[in-house]
Amino acid sequence: IECAIGSQFKIEASYLSPHVNMAARLEGATKQYGVAILISEATHALFAPAIQQLCRRLDRVTLKGSDFPMDLYTYDVAPARPDHDVSDFTAPVPALDFFQRVAPPWSSREFRARYNQAVGHYLGDTAPLDWHRAVELFEECLNEEEDEPCRRLMQFI
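Note that the coordinates shown come from a computational prediction; the quantities given were computed from them, not determined experimentally. Per-chain numbering applies: the sequence of each chain, read as written, is numbered from 1 onward. The predicted nature of this model means local features are confined to residues of pLDDT at least 70 and side-chain atom pairs, given and counted, to a pLDDT of 80 or more, with totals for whole chains, interfaces and linings taken over all residues. Water and hydrogen atoms were dropped before computing side-chain values, which therefore reflect all heavy atoms in the structure.

Caption draft 1: Molecular detail of the nonpolar core. Residues belong to one nonpolar core when they are buried, are Ala, Val, Leu, Ile, Met, Phe, Trp, Tyr or Cys, and are joined through side-chain atoms within 4.5 Å. Each residue is assigned to one of three classes by its accessible area relative to the maximum for its type, calculated with a 1.4 Å probe on protein chains only: buried under 20%, partly exposed between the two thresholds, exposed over 50%. Counting residues in hydrophobic clusters, the biggest one holds 23 residues, and the most contacted among them are Tyr-33, Leu-38, Leu-72, Tyr-115, Phe-138 and Leu-153. Strands are runs of DSSP state E lasting at least 2 residues, helices are runs of H or I lasting at least 4, and numbering of each runs from the N terminus. Elements with a contribution of two residues or more to this core: α1 (18-33), β4 (55-61), β5 (70-75), α5 (109-123), α6 (131-144) and α7 (148-156). If one sorts the elements of this core by residue count, α5 sits on top with six residues. Between two residues, a contact is recorded if the distance between any of their heavy atoms is within 4.5 Å. Not counting residues within four places of it along the chain, the set of residues in contact with Leu-153 comprises Tyr-33, Leu-58, Asp-59, Tyr-115, Val-119, Tyr-122 and Phe-138. Among the nonpolar cores identified, the runner-up in size contains six residues, and Ile-39, Ile-51, Leu-54 and Tyr-73 belong to it.

Caption draft 2: Looking closely at the pattern of salt bridges. We count a salt bridge whenever a side-chain nitrogen from Lys or Arg sits within 4 Å of a carboxyl oxygen from Asp or Glu. Counted according to the given criterion, the structure contains twelve salt bridges. Among the salt bridges present, the one from Arg-56 reaches Asp-147, with a minimum N-O distance of 2.8 Å. Residue Arg-56 is located in strand β4, and its partner Asp-147 is located in the loop between α6 and α7; the two are separated by 91 residues in the primary sequence. Each member of the pair Arg-56 and Asp-147 is classed as buried. Notably, a salt bridge pairs Arg-133 with Glu-136, separated by 3.0 Å at the nearest N-O pair. Linking Arg-133 with Glu-136, this pair stays in helix α6, spanning three residues, or about one helical turn. Residues joined by salt bridges that share partners form a network here, namely Arg-57, Arg-60, Asp-71 and Asp-125.

Caption draft 3: Representation of the packing of α5 against α6. Throughout, an axis means a line fitted to C-alpha atoms (over the contacting stretch in the case of helices), and angles, computed between N-to-C directions, take values from 0 to 180 degrees. α6 packs onto α5 with a crossing angle of 160° between their chain directions and a minimal axis gap of 7 Å. Relative to α6, the element α5 lies roughly antiparallel. For the crossing formed where α5 meets α6, the hand is left-handed. Here α5 contributes Phe-111, Arg-114, Tyr-115, Gln-117, Ala-118, Val-119, His-121 and Tyr-122 to the contact with α6, which in turn contributes Trp-131, Arg-133, Ala-134, Leu-137, Phe-138, Glu-140, Cys-141 and Glu-144. Here the nonpolar group is Ala, Val, Leu, Ile, Met, Phe, Trp, Tyr, Cys and Pro; Asp, Glu, Lys and Arg are the charged ones; every other residue, Gly included, is treated as polar. Split by residue class, the contact of α5 with α6 holds ten nonpolar, two polar and four charged. Roughly parallel means an angle under 35 degrees; roughly antiparallel, over 145; roughly perpendicular, 65 to 115; everything else is oblique. Crossing handedness is defined as follows: a turn of the near helix away from the far one that is anticlockwise and smaller than a right angle gives a left-handed crossing, while the clockwise case is right-handed.

Encoded structure:
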């Protein structure tokens, strides 16, 4: 719903919807996981497979206001580089090329594979649930890279 909210002295345009609430909750949860970007399962599902491969699943949660659990994902945004000039793209460019040139991930394919395997054990994707193996794999990830999601999930376990 798009509407004007306020009084006769001050009026602001606003949006009221479950999607806006979800976005606000996701933005707030970035601090819990120590990431810059959180992506809902529904949004992740809209990505091309090549972009999905660049994301990492963080957790499965039921957010306030939702009746169903959803997976949360992140994209490991590399620090901004001053040499990235979006104006270089004067002709149409495939989304993956644009994405990797403007915002390449800092994590390697191998790191993401090991991390995703750890999350699979943590969430019970591989029956039975195996938190001990998840911790081992998270520790391997931390030996390779400093990673806040690994630390946060290990603290929870």
